[in-house]
Amino acid sequence: MDSRFVRATIRHLLTVIFLGICMMWIMAPTNTYKQKWKPSISKTVDSTYFGTQAPNMLIWTFPVLFVASLGSLYLHLGKNSNQNASQSNEKKHRQALWRKPVLVKGPLGIVSGIELALLIMFIALLVWSLVTYLRRLHTITPKAAAKEGVKVWEMKLFDVALWIGLTGNVCLAFLFYPVARGSSVLPLLGLTSEGSIKYHIWLGHMTMVLFTIHGICYIIDWAVTGNISEVRRVGVTGPDPFVNYLWGAFNIDAMLKWSHSDISNVAGEIALLGGLGLWAATFPQIRRKTFELFFYAHHLYIIFVFFFILHVGIGYTFIMLPGFYLFIVDRYLRFLQSRTSVRLLSARLLPCNVVELNFAKTHGLTYNPTSIMFVNVPSISKLQWHPFTVSSNSNMEPDKLSVIIKSEGSWSTKLYQMLSSPIERLDVSIEGPYGPQSNHFLRHDTIVMVSGGSGITPFISIIRELIFRSKISQCKTPDMILIAVFKSSLDLTMLDLLLPMTGSPSELSNLKLHIEAYVTKENEPTTDNSKRVRSILFKPLPTDKPMAPILGPNSWFWLAAIISSSFIMFLILIGIITGFYIYPRDHNKNEFSASTKAVLNVLAICVSIAATASAAVFWNKRQYSREATQVQNIEGQTPLGSQNLRAYNGDRELESLPHQSLAQATKVHYGGRPDLKRMLFESRGESVGVLVCGPKKLRHDVAAICSSGLADNLHFESISFSW
């Protein structure tokens with residue numbers, strides 16, 4: 001069967017399912033209230049197989065996981081196709097209009113037209129949900145309140161707190177999709193993991209605001225109602241009336257309630273405290289100054305999610321489970337990949353405190369330009385993982401992968417200092433790489449790349465990709481303009497990284513590349529012969545393995561198999577647990593602990609994912625272990641490419657200009673900043689892709705120019721982890 005027909009069929013199925021899921025979310029406020037969320041609602045009867053969670057499991061979890069599996073197959077079938085070439089100019093122009101920045105400066109950062117539209121639609125969904133819930137307030141009458149022994153406003157406050165929590169769950173349902181790096185959901189939408197971080201930030205803030213209000217409202221309600229009911233109960237006649245009064249005033253009984261079969265208040269409070277601790281460390285003032293605090297505090301998501309499940313019960317958890325399920329799959333695969341110590345071959349140390357690490361890799365590991373990789377150096381920190389742009393090209397360098405690290409924080413500074421001293425080997429683990437599914441920048445006639453400092457690193461991979469394509473006669477490469485802003489002449493040595501360590505100057509001859517380099521804090525070139533570009537050869541251990549795809553070359557196919565098979569395995573396990581353990585002990589009397597039921601479901605999910613993912617990884621590891629052995633044998637015959645390193649002149653003296661091979665394409669300006677507005681408006685071509693990476697102000701300035709409407713051919717794209 002033609003793969004194009006299969007992909008078209010899958011695409012139509014995904015569209016239909018997506019529209020169905022959207023309709024379910026729109027109708028959710030009218031249906032959710034009928035579920036078991038209040039202790040006053042009558043108990044439902046368990047079935048003998050899946051229990052009361054079966055409807056939510058079928059309605060909420062199955063469609064999303066089915067989309068993720070189909071999407072993985074869709075990406076597997078189309079991984080070698082070039083969709084950009086088949087798009088019409090009209091379609092490209094229409095997409096470009098939606099991607100043009102409409103908000104540049106503000107709390108949301110740089111926001112495109114389509115992002116703003118989707119954000120407004122999502123907020124409208126939250127408002128619709130909350131308003132639909134609040135319309136039920138008129139059903140609370142003085143008679144109903146008197147029956148509960150409270151006032152009308154107190155009963156309304158209780159229900160408002162409940163409905164705000166239900167609205168917060170809508171945000172929580174989408175929270176984990178942007179951080180599932182290896183999931184198929186983001187590539188299906190044309191997104192990358194680093195570009196989706198801001199969506200995770202938006203959703204995280206909205207989730208915690210709603211849940212915090214939810215908790216505060218309940219505490220106020222408990223304090224008010226407890227002051228009446230508890231004082232009446234104890235009569236303030238105990239040995240210490242003041243203690244009795246405080247106990248009643250704050251209704252400790254309600255706050256410490258861990259219900260056997262209903263909502264567990266203590267679990268909700270623990271989840272909220274964990275979420276607040278995580279949330280406090282995410283604000284820019286803390287995250288930028290103490291990244292370690294932000295990094296470690298973010299692991300509180302485990303406490304938050306686990307106690308959230310215990311708080312609401314497993315039935316309602318299935319509404320937010322799909323995103324978290326895909327995140328668990330991705331997180332476990334990353335864990336398995338990070339257990340291997342990768343084969344680090346060499347490093348280049350630049351005098352501008354920049355280091356390039358070069359790893360061995362198998363031919364089966366391919367990636368596109370601007371991909372990123374997470375690096376861990378246990379000798380610095382066993383827990384910290386930092387993202388860096390992959391600078392190498394899988395076509396030009398099939399046996400090697402490189403990343404560039406600028407010494408800016410404490411972790412990267414320690415790494416540079418460690419490599420500056422005599423060292424024979426460095427133990428390194430990696431996760432990734434992750435990147436776009438297509439070389440989307442090839443659709444432009446001209447590419448203008450604007451970088452600030454170490455922001456040049458993603459553009460190195462683009463330039464190397466175009467160097468490779470320029471060698472192919474039938475490939476037309478776009479014109480390239482690199483505008484690189486540096487602080488000092490030392491930073492100009494970063495331009496040497498545009499060519500791989502074993503590259504030759506002739507590789508730039510067919511490339512239409514023009515470099516405008518600006519040194520802002522120096523008025524004239526300076527030379528410091530005491531500093532040199534150093535190259536280091538490492539001696540890896542036999543146990544160090546070349547980098548390889550965790551699921552092999554057909555990773556999307558295997559990911560679809562893991563998602564589908566793990567969910568089927570979960571259904572079988574939970575069916576066995578319910579039919580042979582829960583139901584015999586419960587007999588439809590709703591006496592089985594809701595918390596125990598939730599824990600059993602969580603364990604079944606984790607076991608299913610761990611078993612299927614481990615089997616897939618083990619199978620693929622057997623397939624590419626032979627190739628890894630061949631790579632090691634080749635390295636043994638030519639000691640880690642040492643001849644090529646010496647040919648590069650690893651200990652050459654620092655020059656005030658880039659290497660000779662780039663000097664003809666480079667123009668260096670001292671003591672000033674580029675006139676970005678003039679340079680961008682003078683860029684020729686029907687479609688000019690403007691890519692920017694660097695400090696926040698630089699990105700905002702370029703976005704403002706592209707969104708001004710004075711030039712319709714400028715198409716903006718930001719490459720950054722921050723917003």
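Residues numbered from 1 in each chain as written. Predicted model: local features only at pLDDT ≥ 70, side-chain atom pairs only at ≥ 80, totals over all residues. Heavy atoms only, no water.

Looking at an unreviewed UniProt entry, one finds the chain named ferric-chelate reductase (NADH) and attributed to Gossypium australe. As stated in UniProt under Subcellular location (unreviewed entry), the record for the chain gives "Membrane". (UniProt positions renumbered as here; feature names shortened; annotations may be inferred.)

Draft legend 1. Looking closely at the overall build of the chain. A count of helices and strands for the chain gives 25 helices and 15 strands. When contacts within the chain are restricted to residue pairs at least 6 apart in sequence, long-range pairs at least 24 apart make up 80% of them. Counting every atom, the chain has about 33,500 Å² of accessible surface; 62% of that belongs to carbon and sulfur. (Helix = DSSP H or I, 4+ residues; strand = E, 2+ residues; numbered from the N terminus. Contact = heavy atoms within 4.5 Å. Areas by Shrake-Rupley, 256 points an atom, 1.4 Å probe, with all protein chains shown as cover.)

Draft legend 2. Main features of the environment of Phe 486. Take Phe 486: it is sitting in strand S10 (residues 479-486). Overall, Phe 486 belongs to the buried group, its relative accessible area being 1%. In sequence terms Phe 486 and Lys 521 are 35 residues apart; their C-alpha atoms lie 8.3 Å from each other. Once you skip the residues sitting within four places of it in the chain, Phe 486 turns out to touch Gly 453, Ile 456, Asp 491, Leu 492, Met 494, Leu 495, Tyr 518, Val 519 and Thr 520. (Buried < 20%, exposed > 50% of the residue type's maximum accessible area, 1.4 Å probe, protein only.)

Draft legend 3. Local environment of helix H18 (residues 410-420). Those residues of H18 lying buried are Trp 411, Ser 412, Leu 415, Tyr 416 and Leu 419. Buried residues of H18, viewed axially, fall in a sector of 135°; they line one side. Buried residues belonging to H18 abut strand S3 (344-350), strand S4 (354-360), strand S5 (372-376), strand S6 (386-389), strand S7 (400-406) and strand S12 (534-537). (Arc of directions from axis to C-beta.)

Draft legend 4. Looking closely at the side chain of Ser 451. Inspection of the secondary structure puts Ser 451 in strand S9 (residues 446-452). Looking at Ser 451, the relative accessible area reads 0%, which means it is buried.

Draft legend 5. The arrangement of empty space enclosed by the protein in detail. Enumeration according to the criterion identifies 2 cavities of 30 Å³ or more in this entry. Approximately 40 Å³ is the volume attributed to the second largest cavity. Contributing to the lining of the second largest cavity are Gly 182, Ser 183, Ser 184, Leu 326, Val 329, Asp 330, Leu 559 and Ile 563. For the lining of the second largest cavity, the secondary-structure elements that each account for two or more residues are helix H17 (321-338) and helix H20 (555-586). (1 Å grid on protein atoms, 1.4 Å probe; cavity = no way out; pocket = protein on both sides within 12 Å on 5 of 7 lines; lining within 4 Å. Points joined across faces, edges and corners; volume = space filled by probe spheres on them.)

Draft legend 6. Quick look at the packing of helix H12 (residues 265-280) against helix H15 (residues 301-312). For the pair H12 and H15, the least separation of the axes is 8 Å and the interaxial angle reads 155°. By the angle between their axes, H12 is roughly antiparallel relative to H15. Handedness of the crossing formed by H12 with H15: left-handed. Contact residues: H12 offers Asn 265, Ala 267, Gly 268, Ile 270, Ala 271, Gly 275 and Leu 278, while H15 offers Tyr 301, Ile 303, Phe 304, Phe 307, Phe 308, Leu 310 and His 311. Classifying every residue of the contact of H12 with H15 gives 10 nonpolar, 4 polar and no charged. (Axes fitted to C-alpha atoms, helices over the stretch in contact; angles between N-to-C directions. Parallel < 35°, antiparallel > 145°, perpendicular 65-115°, else oblique. Left-handed = near helix turned anticlockwise from the far one by under 90°. Nonpolar A, V, L, I, M, F, W, Y, C, P; charged D, E, K, R; others polar.)

Draft legend 7. The arrangement of the packing of aromatic side chains in detail. By the definition in use, this model includes 24 aromatic pairs. Note on Tyr 199 and Trp 202: the rings are 5.6 Å apart at their centroids and 65° apart in plane angle, and the pair reads as edge-to-face. With Tyr 199 and Trp 202 both in helix H9 (residues 197-234) and 3 residues apart, the pair spans about one turn of that helix. Overall, the relative accessible area of 9% leaves Trp 202 in the buried class. Aromatic pair Phe 306 and Phe 307: ring centres 5.4 Å apart, planes at 85°, arrangement edge-to-face. When its relative accessible area of 19% is taken as the criterion, Phe 307 is described as buried. An aromatic cluster is present here, built from Phe 62, Phe 66, Phe 318, Tyr 325, Phe 567 and Phe 570 joined pairwise through their rings. The ring of Phe 374 has Arg 181 sitting right over it, with the charged end atom 3.6 Å from the ring centre. (Phe/Tyr/Trp six-rings, centres within 6.5 Å; stacked < 30°, edge-to-face > 60°. Lys NZ or Arg CZ within 6 Å of the ring centre and 35° of its normal.)

Draft legend 8. Geometry of unusual backbone geometry. A cis geometry characterises the amide bond from Gly 432 onward to Pro 433, with omega recorded as 5°. Take Pro 433: it is sitting in strand S8 (residues 429-434). Despite not being glycine, Asn 353 shows a phi value in the positive range, around 60°.

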